[in-house]
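Coordinate inspection notes
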Amino acid sequence: MIINQTNLATLNTGYKAAFNQGFKSASPVWPKIAEAVTSTTSTALYAWLGTWPGLREWVGDRQVENLTRYDYAITNKQFESTVAVKQTDIEDDQYGVYAPMMKAMGTAAANHPDQLVFNLLKDGFTTKCYDGQYFFDSDHPVGGTSVSNVQPGSNPAWFLLDTTQSLKPLILQKRKDYKFTAITKPDSEAVFFRGEIIYGVDGRCNVGFGFWQQAFGSKDELTRENFRAAYSAMRSFRSDQGVPLNISPNLLVVPPQLYATARDLILAERDDKGATNTDRNLVQIIETGWLV
């Protein structure tokens, strides 16, 4: 293929189609546990996270909730992936061998939020949320007391989540969608100095925590006793005013090494003693390698 503007434009169209095919064929998991929020600025403030929605009887004047109690903010980050196709490969009609790489780039872009979301979940034991405590902590301040949503330990972490509320427990903040771009001018600097045609993808986004009350993190062993203790603790969470939040855990998120244990715990008809498994199908299981 001769290196000229027309041919490079045609090649770019083909590579972009491969990228889009990879992007659309991906099946990211993050929408199950994270809320997508559109951002129009570099940083978004989530001051309202300090107030759990609720109603009260209207007696006297309305009681206005203060939505500026916390200064929790998520700052967008820019992400990219860039590859170079050799000019000589195009001239020698070897450009087709790069199509699978462009498709893989599309798949990677679609799955990138999974990496961000599940890494944040994994880091919730050491990363602060809106109340200044770690997302999984034993000292969340609620109505003058301390509330725990964590089981300490040294085992692979597992998580119990409630995604039935209007806001999921994690946030994926989107500023700019992932976009395939290219430098395809035959007289570009990359062609002149290095004999390369540049293709890439970039986007702007970031992740953050929602309400900690919708999540429970454990590094203790995944046993029926510990699972039930975490489930019971979440069901008991209350607001600052002492009103039950009616948290309903529905997802058990585990790394690959705990998947078999989770299946025995949640999907088996009988427990390890042969009795009816009363926890069967109580929650759904999500297994992801991003937690390794």
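Throughout what follows, the structure given in this document is the object of discussion. Residue numbering note: each chain is counted from 1, following its sequence as written. Note on the predicted model: pLDDT of at least 70 is required for a residue's local features to be given, and 80 or more for side-chain atom pairs to be given and counted; whole-chain, interface and lining totals, by contrast, use all residues. Excluded from the side-chain calculation are hydrogens and water; included are all heavy atoms of the structure.

**A word on the pairing of strand β10 (residues 196–209)**
Relative accessibility thresholds used throughout: buried, under 20% of the residue-type maximum; exposed, over 50%; partly exposed, between the two (1.4 Å probe, protein chains only). Only DSSP runs of H or I covering at least 4 residues are called helices, and only runs of E covering at least 2 are called strands; the numbering of each starts at the N terminus. For β10, the buried fraction is high: 13 of the 14 residues fall into the buried class. Criterion used throughout: strands pair if DSSP finds at least two bridges between them. Pairing of strand β4 (residues 77–86) with β10, which is carried by ten bridges, proceeds in the antiparallel orientation. Looking at the pairing, Q78 lines up with R204 of β10. In this sheet, β10 lies alongside strand β9 (residues 170–183) in antiparallel orientation, the contact comprising eleven bridges. Counted as the bridge partner of K174 is C205 from β10.

**Quick word on the sheet that holds strand β7 (residues 150–151)**
An order of β7-β11-β8-β12-β13 is seen for the five strands of this open sheet, with the pairing classed as mixed. Of all strands in the sheet, those bounded by a partner on one side alone are β7 and β13 (284–287). We call two residues contacting when some pair of their heavy atoms lies within 4.5 Å. Only the contacting stretch of a helix is used when fitting its axis, a line to C-alpha atoms as for every element, and angles between N-to-C directions run 0 to 180 degrees. Here helix α3 (residues 99–122) sits on the sheet in contact with β8 (158–161), β12 (251–254) and β13, set at roughly 105° to β8.

**What to know about the packing of aromatic side chains**
Side-chain rings of Phe, Tyr and Trp (the six-membered ring for Trp) are treated as a pair once their centres are within 6.5 Å; stacked means planes under 30 degrees apart, edge-to-face means over 60, and tilted covers the remaining angles. Going through the model one piece at a time under the given rule, you end up with 14 aromatic pairs. Taking 4.1 Å as the distance between ring centres and 10° as the angle between the ring planes, the aromatic pair formed by F135 and F209 counts as stacked. Here the residue F135 occupies a position in the loop between α3 and β5 (140–142), and F209 occupies one in strand β10, the gap between them amounting to 74 residues. Look at F135 and you get buried, because its relative accessible area is 0%. Ring geometry for F180 against Y199: centres 6.2 Å apart, planes inclined by 20°, an arrangement best described as stacked.

**Description of unusual backbone geometry**
With phi around 55°, N246 is a residue other than glycine that occupies positive phi space. Here N246 is to be found in the loop between α5 (224–235) and β12. Of note in this structure, N281 is not a glycine but carries a positive phi near 60°. Its place among the elements puts N281 in the loop between α6 (259–266) and β13.

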